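So you can see what is in the structure, the chains are spelled out below.
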Amino acid sequence: MTVQETISGTVPAARFGIGGPVGSGKTALVERLIPALTARGVDLAVITNDLVTIEDAERLRRSGLIDPDRVSAVEAGACPHTIIREDPTLNIEAADALERRFPGVELILLESGGDNLASTFSLDLTDFWIFVIDVSGGDDIPRKRGPGVLKSDVLVINKTDLAPHVGVDLARMEAEARAVRGGRPVLMTDCRHGEGIDALVELIETQVLFRK
Amino acid sequence: MHDMRTILTLLQHGDSNFPAGGFAFSWGVEGLEIDGHLPRGRAALQGFVVDQLAHRWDSMDRVLLRRAFAADIDGIEEVDHETEALTLSAEMRQGSRRAGRALIGVHARLGGEMAALYRARLDAAPGHLPPAQAIAARDIGLDLGAAELLAGWTLITGLVSAAVRLGTVGHLDGQAVMAEAGGHLEHLLARDPSDDAHAFTPISDIAIARAPLRAQRMFAT
Ligand SMILES: Nc1nc2c(ncn2[C@@H]2O[C@H](COP(=O)(O)OP(=O)(O)O)[C@@H](O)[C@H]2O)c(=O)[nH]1
Ligand SMILES: [Mg+2]
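The shown structure was predicted, so the numbers you read here are calculated from the model rather than taken from an experiment.

K.L.:
Before we move on, could you go through the packing of helix α4 (residues 73-86) of chain B against helix α7 (residues 129-139) of chain B and cite the residues and values that matter?
P.N.:
All names here are of chain B. It is the contact of α4 with α7, at a shortest axis distance of 8 Å, that shows an interaxial angle of 150°. Comparing their axes, α7 and α4 come out roughly antiparallel. Between α4 and α7, the residues in contact are Ile 76, Asp 80 and Thr 83 and Pro 130, Pro 131, Ile 135 and Arg 138, respectively. The class makeup of the residues in the contact of α4 with α7 is 4 nonpolar, 1 polar and 2 charged.

Dropping the structure here:
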């Protein structure tokens, strides 16, 4: 038995990391994922690593999308990187606490405080992690091949609705992202209008929750 | 003084890279800085660190650590509840519990037997930092002296590294403060502390207690 199993006495929840630069739409994506996953009967909880406040956690708690007690905020001590990679212990403790409080929780979404392209999640923290970049950050981001872009299980390119306004060629950006990732998943989303969320939810059900 | 095995263990566990969540706690440095009580520069930080070492760590945390170090698991739980009762501010209690639970959690995952046993009690026991440090030290085979050295040093590095991240000192002055505070720690460790646990650090206690009122906050304490 792993330490995790002894805590909850049940199968541990899958831990799903959401990384990416500040402002790329991580919280917006969480706000889309919660109702979509809930509609499919997934028992959920969320951890946020806000950088300077507990604003993301409060935004989710007040959203009405999820029981506010199921949202935990973990302070990152000005080190958003460290808390998901070198020293994720406080995040692990927060996840364990959520599992203890909500036995049967299946999936814990962990939103990183946001960082640069070099951030990755510790293999001991998450079972699966995605990296969210956005169109308005520039279509050269995939080409820069940061570890977040390359190593994440799924790369999400968000704010596709803004492409015409920022002069980005979406098709090329997507093709370049696919090329640098050697065929591993790249998803295009528009969290403002809820586009592309279903594909991600589908992927979570099959590859993270092993439901199908 | 310490054998090579002990020194290696201390280097590993006293390293700010040791993943027990310590970097997310400023133990009042953030609050003091925001409230304007920690001016920039080496002198102010040095005064603060030495004050914390003498008037909180040595007189309280160290006493509780020593007691837990000598106790069986039930005795440790008693010390844990006593720590809860002795820690005045709710924020400080919460911080100490989170830091202690994180330390117990990582040691349990690394195979520490006592940590795993105590972890199972954490629904009832608060999991404060000083008893957690005693548990961790016993799991990694430290003697009492080494356990105290590790706990004192961890406080110094935690405070200084928070100050560096908050920009109250530069990285070089930070090292100077650490060296100076290390000397104070050596001095404190050369004699036994009092038996009765007490702390008197009102300014930092208030700074920590004011945390919920602040809009900006990067640290857990
Ligand atoms: N137009 C557009 N705006 C978005 C989209 N996703 C997020 N935003 C906006 O981008 C800003 C940053 O989003 P947020 O989710 O807070 O980013 P985070 O820092 O990564 O969590 C907010 O103003 C969002 O409303 C999107 O797909 N399209
Ligand atoms: Mg966010």
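K.L.:
Any chance you could break down the sheet that holds strand β5 (residues 128-134) of chain A for me, citing the residues and the numbers?
P.N.:
Across a sheet, strands are paired by hydrogen bonds formed along the backbone, either parallel or antiparallel in direction. Residues and elements named next belong to chain A. Read from one edge of the open sheet, 7 strands run β3-β2-β4-β1-β5-β6-β7, paired in parallel fashion. Looking at the sheet topology across the chains shown, the edges are occupied by β3 (71-73) and β7 (186-188). Shown here is a sheet whose adjacent strand axes are inclined to one another by a mean of 20°, direction ignored. As paired strands, β5 and strand β6 (residues 154-158) are joined by 5 bridges and run parallel to one another. Residue pairing in the sheet places Ile 130 in a bridge with Val 154 of β6. Here helix α3 (residues 55-62) sits on the sheet and contacts β2 (44-48), β3 and β4 (107-111); the angle it forms with β3, its principal contact strand, is near 165°. On top of the sheet, helix α4 (residues 89-101) reaches β1 (14-19), β2, β3 and β4; it is set at about 155° to β2, its chief contact.

K.L.:
How would you summarise the packing of helix α1 (residues 4-13) of chain B against helix α8 (residues 144-166) of chain B if you had to cite specific residues and measurements?
P.N.:
Between two packed helices, what matters for the description is the angle formed by their axes and the separation of those axes. All names here are of chain B. Viewed as axis vectors pointing N to C, α1 and α8 meet at an angle of 25°, and their least axial separation amounts to 10 Å. In terms of orientation, α1 lies roughly parallel with respect to α8. As α1 runs across α8, the sense of the crossing is right-handed. From α1, Thr 6, Leu 10 and His 13 reach across to α8, where they touch Ala 146, Leu 149 and Leu 150. Across the contact of α1 with α8, the residue classes break down as 4 nonpolar, 2 polar and no charged.

K.L.:
Talk me through the coordination of the magnesium ion (ligand 2); I want residue IDs and the actual numbers.
P.N.:
Residue and element names in this part refer to chain A. Distances from the magnesium ion (ligand 2) to its protein donors, Thr 27 (OG1), Asp 56 (OD) and Glu 111 (OE), fall at 2.1 to 2.3 Å. Positions of the donor residues of the magnesium ion (ligand 2) along the chain correspond to the pattern T-x28-D-x54-E. Of this pair, Thr 27 sits in helix α2 (residues 26-39) while Asp 56 sits in helix α3, placing them 29 residues apart in sequence. Assessed through its relative accessible area of 6%, Thr 27 is described here as buried.

K.L.:
Requested: an account of the side chain of Ser 89 of chain B, with residues and values cited.
P.N.:
Residue and element names in this part refer to chain B. Locating Ser 89 in the fold gives a position in the loop between α4 and α5 (90-109). Assessed through its relative accessible area of 13%, Ser 89 is described here as buried. For Ser 89, the side chain forms a polar contact with the main-chain nitrogen of Met 92, separated by 2.9 Å. Not counting the four nearest positions on each side in its chain, Ser 89 is found in contact with Asp 205, Ile 208 and Ala 209.

K.L.:
Explain a nonpolar patch on the surface residue by residue, including any values.
P.N.:
Taken together, the side chains of Met 4, Ile 7, Leu 8 and Leu 11 of chain B present a nonpolar region at the surface, about 400 Å² in accessible area. As for its placement among the helices and strands, Leu 11 of chain B is situated in helix α1.

K.L.:
Break down the interface of chain A and chain B for me, citing the residues and quoting the values.
P.N.:
Interface size, as often reported, equals the accessible area lost upon joining of the parts. The partner chain B presents 24 residues to the 23 residues of chain A that form the contact. Of the roughly 1,900 Å² buried where chain A meets chain B, counting both sides, 56% is carbon and sulfur surface. Counting across the chain A and chain B interface gives 6 salt bridges. Across the pair Asp 96 of chain A and Arg 119 of chain B runs a salt bridge whose closest N-O atoms are separated by 3.1 Å. Ranked by residue count, the leading element in the side of chain A that touches chain B is α4 of chain A, at 6 residues. Looking at the side of chain A that touches chain B residue by residue, the class counts come to 12 nonpolar, 5 polar and 6 charged.

Calculation criteria
Residues numbered from 1 in each chain as written. Chains lettered and ligands numbered in written order. Predicted model: local features only at pLDDT ≥ 70, side-chain atom pairs only at ≥ 80, totals over all residues. Heavy atoms only, no water. Axes fitted to C-alpha atoms, helices over the stretch in contact; angles between N-to-C directions. Helix = DSSP H or I, 4+ residues; strand = E, 2+ residues; numbered from the N terminus. Parallel < 35°, antiparallel > 145°, perpendicular 65-115°, else oblique. Contact = heavy atoms within 4.5 Å. Nonpolar A, V, L, I, M, F, W, Y, C, P; charged D, E, K, R; others polar. Pairing = 2+ DSSP bridges. Left-handed = near helix turned anticlockwise from the far one by under 90°. Donors = N, O, S within 2.8 Å, 3.2 Å for Na, K, Ca; no water. Buried < 20%, exposed > 50% of the residue type's maximum accessible area, 1.4 Å probe, protein only. Polar contact = N/O pair within 3.5 Å; in protein donor to acceptor, adjacent residues only side chain to side chain. Patch = residues over 30% accessible without salt bridge, like charges linked within 9 Å, V, L, I, M, F, W, Y side chains within 5 Å. Areas by Shrake-Rupley, 256 points an atom, 1.4 Å probe, with all protein chains shown as cover. Salt bridge = Lys/Arg side-chain N within 4 Å of Asp/Glu carboxyl O. Buried area = accessible area lost by both parts, 1.4 Å probe.

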